[in-house]
Amino acid sequence: MKRHTLFFLALWIFSHSIAQEPARKLTLENIYVKRSLVTRGIRDLQWSDDGKAYFMVEQDMPSGGDELVLYNVKDARRLVLVSAKELIPRGENRALEISGYGWSPAYDKLLIFTNTKRVWRYNTRGDYWIFDMASRSLTRLGRSLESCSLMFAKFSPDGTRVAYVSRNNICVESLADQKILKLTEDGGEHTINGTFDWVYEEELDCRDGFRWSSDGSLIAYWKSDTRNVGKFYMINNVDSIYPEIISVPYPKAGTANPAVKVGFVSSGGGQSKWFDIPGDPANHYLARMEFVPGTNRLMIQQLNRRQNTNKVWIADPVSMTVNNILTESDEAFLDIHDDIWWLDGNKYFTWMSERDGWRHLYRISADGKSVTLLTPGNYDVVEVQYIDEKKGHVYLIATTENYTERFLYRCDMNNPGSPERITAGREGTHEYSFSPDGKYALHEYSTVAIPNVYELVDLQGHKTIRTLEDNSQVGKDFKDLGLNTKEFFRVNTGEVTIDGWMIKPPGFDASKKYPVIFYIYGEPAGSTVTNDWQRGDLWHEYLSQLGYIIMSIDNRGTNVPRGREWRKCIYLKSGIISTEDQVKAAQKISELFPFVDPQRLGIWGWSGGGNSTLNCMFRYPKVFAAGIAVAFVSNLRLYDTIYMERYTGIPGEDDEAYDKGSAINFAGNLKGRLMLIHGTGDDNVHYQNCEMLVNELIRNGKTFEMLAYPMRTHGINEGRGTSLHLRKSMEKFWLENLPAGGRP
C-alpha cells in the first residue's frame, strides 16, 4: 500500500512539474531547418476581366500537384479549370509546377511558366507551356530552343502568337504551327535584347524588356550594349580541383554604364528601328517604356546620369519623332514611379512627384501643359491602387498619422482635398489587389502580433466577404512560445523624432539593466520599423530569449513616408546623417529607458545595414561594444553606378562625399569587437569589400573576427546548413562579446 502511494505521489509531482515548466523555447533549428511558424499565403490570385470571379493556383491534395481553380466572388463556388492530372506532359509522371500563368484574351488558352531558374536575384528564366482549354492539350513553347531558356512570354493581343526572349534575342511563336520567328539575331554576351543587364535589373527594377503594341503589329524593346562595362571576376574554388572564373559585367560608381536604346520591330519580322532620344545612351537611363493605351505611341522616361532630371518623351513609330512633354527635376535625386494611369481617352495621365515637398499624385495633360494636384496635404502617397474614372475617385495606400503603418485611402479627383480613410478600425499594414471594376479586392493585412490575414472584401463599406487565409494557428504557436511582441516607441535625438521598436526578453525585469542589440538598415532602399508580421521576426525573438533587448530605428534617409526632406536630406551625405541619427538615438535610449545598459550596446546589419554597422562602429567607437556587419559595402566606390551615384554623386565630381561616406576610411578608430561576414560569390555587394576592409584593419593593428562563405551570394543561403551555421556563428559572437541577461 505504501509503495503504491509513493508511486502515485511521484507521478503527481512529475506531471505537476511538467505542467508548471516554462513554455517551449524557440530554437534556431525551428527557424532555419524545420521552418516553423511559416505563414500560408495566396498563390497568384488573378481577377477575371469582369471582376466577378478570380483564379488561384492550389495544390491538388491527392497528387500533390498544382491545379488552377476559379472562384465566384459572391457565393465562393469553386471550379477546377485545369487539373493537376492534365498538367502532366506526355511521357512524364509529374504535373508541371505553376510558377506563373497568364490567359489569352479569349480565355481559351493558358500560358504556364515552370521549371524556373534564377537570373541575378529572381527566377525569370524557365520553360513555358500552352494549355488549350478546348482540346485539353499541353504543348511546350520553344521546343527547338534550349530548355529552360525562355523569359517573359506573353500572348499577342489577338491570342494567336506568343513572344518571348531566349538567349538575349526576341522570338515570336505561332500557336497554330509552332513556327518560331527570331525578331533579333545579334543577342549574345554583350548585346541584350528584350531584357537587361545586372545594374538595370537591380536598381531600376527593369526585367521584362519588351512590349506588344495594342494591335499586335509591333514589338517595342530595350537593347543594351555592355561592351564598355567593366567586368567583375568571381572565383569558384569549391566545385572542381581547378578554380572557375566567373565574369559579371558590373558598372561600379564612376565607370562606364551599358549603352541602352529603345526601338521597335514588326512582329512579322524585319529591321528594327531606333528612336533618336537626345543624350549619350551610356550617360542616361531609359528607365521606363510603355505603349500609350490603344495606340502605337510610346511613353519613355529618361533619367540623366545624376538621376536628378527625368524627361518624359512620347515616341511615334510612324514619324520616328520624339516629343518631350514633361521634365521633372530635383536638387537632390529622383525615384522612378510607376503609378501612371491614362485618363479621359488619353487626354491626361497621372504622375507622382515630390515637387511640393510631399510625394503626391498629379493629373497632367497629354501635352504636359496642364498640371493638377490630386492628393493635397502634408502626407506621402505610397502607392496608387485603383482609379475609378466614372466616380472620380483615386484609391491609394498612405498614412497620415503613424509612419509605421499603411492604410487604404480614397481621394476625390474632381474636388481634391483631405483623403478619406477606407481601411477602418484596424491598425497595421494593409495591401490590396483590386478587381478590374473596383468593387472588390483581395485584402492582406498584418501587425507585429497578427500574422498575415488574406480576405476578400467588398469595397463598398470595406465589408469582409470571406477570409481566404488567416494564419491563426501560426499566431497561436507564436504566443505559446512565451515571446514578447515588438513594442513601438519614439525618441527625440534633438534634431528629429525617430520611430523605433523593441523586443524585451521573456521574464523581463524593469529593475535590471539589459544589453541591447540594435538591428540597422539605414539606407534609402528600405526601412525596418513597420507594424507588420515579417514572419514574427523570429531571429530577433530568438536573440531576446538569450537575454538581449533587440531594438531598431529608422533614421533620416530611409524609405519612410515622411516627406521629401526626410528622404533626401542625405544627398551627398551617405553614411553620415544616418550614422549620426542612429548613434544619437542609441544614446538617448539609454537615458529614456533605465533598463538599458549603456555599456552593453551592440549593433548589426546586412547589406546596407552592414555599411551602417561599420560606420557606427568606426565613427563612434565608444558607443557600441560589439557589432556584426554582413555582406557590406566598405568603400562606396565599389558599389554600382545607379544606386551609388543617385545618393552620393559621381566620383571625380563628388569625391569628398565618397571619401567621407566610406566606412573603410575610418577603420583605424575601431575599439569594440567586430565580426565580418561575407559570401565570396556575392554578385551584388562584392567580396572585394570585405578583403579591402580586412587589409585596412590589419594595417591599423585592429583585431576582428571574419567568416567567409564560399560561393554564397548576397543572401548567404545557398547550400545545406548555411543559414543555420550563419545564425549559430552570430549567436556565438554575441554571447562571447556582449554578455547577455539582466544585471542589478
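Here's a quick rundown of the structure. Computed from a prediction, not measured in an experiment: that's the story for all the values here.

### Digging into the packing of aromatic side chains
Counting across every chain of the model gives 31 aromatic pairs. Centroid distance W198 to Y250: 4.6 Å. Interplanar angle 35 degrees. Geometry classified as tilted. Within this pair, whereas W198 is found in helix α3 (residues 198-204), its partner Y250 is found in the loop between β17 (244-249) and β18 (259-266), the two being separated by 52 residues in sequence. Comparing W198 with Y250, the two get one shared label, buried. Both rings, one in W342 and one in F349, keep their centres 5.1 Å apart while their planes meet at 50 degrees; by these two values the pair is tilted. The pair W342 / F349 is uniform in exposure class, with both members buried. Members of the aromatic cluster, joined through ring pairs, are F333, Y571, Y639, Y643 and Y647. If you follow R619 out to its NZ or CZ, it ends over the ring of F666, 4.2 Å from the centre.

### Regarding the sheet that holds strand β27 (residues 371-373)
Ordered by their spatial adjacency, 4 strands build an open sheet running β24-β25-β26-β27, and the pairing between neighbours is antiparallel. For this open sheet the edge positions go to β24 (342-343) and β27, each flanked by a neighbour on one side alone. The sheet contact formed by strand β26 (residues 360-365) and β27 spans 3 bridges and is antiparallel. Its bridge partner being in β27, I364 is matched across the sheet by V371.

### Describing the sheet that holds strand β32 (residues 429-434)
In space, the 4 strands of this open sheet follow the order β32-β33-β34-β35, with antiparallel pairing throughout. A single partner strand is all that each edge strand has here, and the edge strands are β32 and β35 (463-469). Averaged over all adjacent pairs, the angle separating strand axes in this sheet is 30 degrees, with direction ignored.

### Examining the packing of helix α7 (residues 577-592) against helix α8 (residues 608-619)
Remark: α7 packs on α8, axes separated minimally by 10 Å, with the N-to-C direction vectors making an angle of 65 degrees. Between α7 and α8, the interaxial angle falls into the category roughly perpendicular. When the axes of α7 and α8 are compared, the crossing they make is right-handed. Between α7 and α8, the residues in contact are T579, Q582 and V583 and N615, C616 and R619, respectively.

### Brief notes about the packing of helix α5 (residues 538-545) against helix α12 (residues 722-737)
For the pair α5 and α12, the least separation of the axes is 12 Å and the interaxial angle reads 35 degrees. Every pair of crossing elements has a handedness; the one defined by α5 and α12 is right-handed. Of α12, the residues touching α5 (which contributes W539, Y542 and L543) are R727, M730, E731 and W734. Residue classes in the contact of α5 with α12 are distributed as 5 nonpolar, no polar and 2 charged.

### Topic: unusual backbone geometry
One non-glycine residue, D205, lies in the positive phi region at around 60 degrees. The topology assignment puts D205 in the loop between α3 and β14 (210-212). In this structure, Q307 is a non-glycine residue whose phi angle is positive, near 60 degrees. One can find Q307 in the loop between β21 (298-304) and β22 (309-316).

Criteria and thresholds
- Sequence order as written defines the numbering, with residues in each chain counted from 1.
- Confidence filtering applies because this is a predicted model: local features only for residues at pLDDT of at least 70, side-chain atom pairs given and counted only at 80 or more, and all residues used for totals across whole chains, interfaces and linings.
- Calculation of side-chain values draws on the structure's entire complement of heavy atoms; hydrogens and water are dropped beforehand.
- Two rings belonging to Phe, Tyr or Trp (six-membered ring only in the last case) form a pair when the distance between their centres is within 6.5 Å. Interplanar angles under 30 degrees mark stacking, angles over 60 mark edge-to-face geometry, and anything in between is tilted.
- Counting from the N terminus, the helices are DSSP H or I runs at least four residues long and the strands are E runs at least two residues long.
- Only protein chains enter the accessibility calculation, which uses a 1.4 Å probe; a residue whose area is less than 20% of its type maximum is buried, one above 50% is exposed, and one in between is partly exposed.
- Distance and angle both matter: a charge sits over a ring if NZ of Lys or CZ of Arg is within 6 Å of the ring centre and within 35 degrees of the ring normal.
- A pair of strands counts as paired when DSSP detects no fewer than two bridges linking them.
- To obtain an axis, a line is fitted to C-alpha atoms, over the contacting stretch when the element is a helix, and the angle between two such axes runs from 0 to 180 degrees between their N-to-C directions.
- We call two directions roughly parallel when the angle between them is under 35 degrees, roughly antiparallel when it is over 145, roughly perpendicular when it lies between 65 and 115, and oblique otherwise.
- Whether a crossing is left-handed or right-handed is set by the direction in which the near helix is turned from the far one by less than a right angle, anticlockwise for left-handed and clockwise for right-handed.
- We call two residues in contact whenever any of their non-hydrogen atoms come within 4.5 Å of each other.
- Under the convention adopted here, Pro, Cys and the residues Ala, Val, Leu, Ile, Met, Phe, Trp and Tyr are nonpolar, Asp, Glu, Lys and Arg are charged, and Gly plus all remaining residues are polar.

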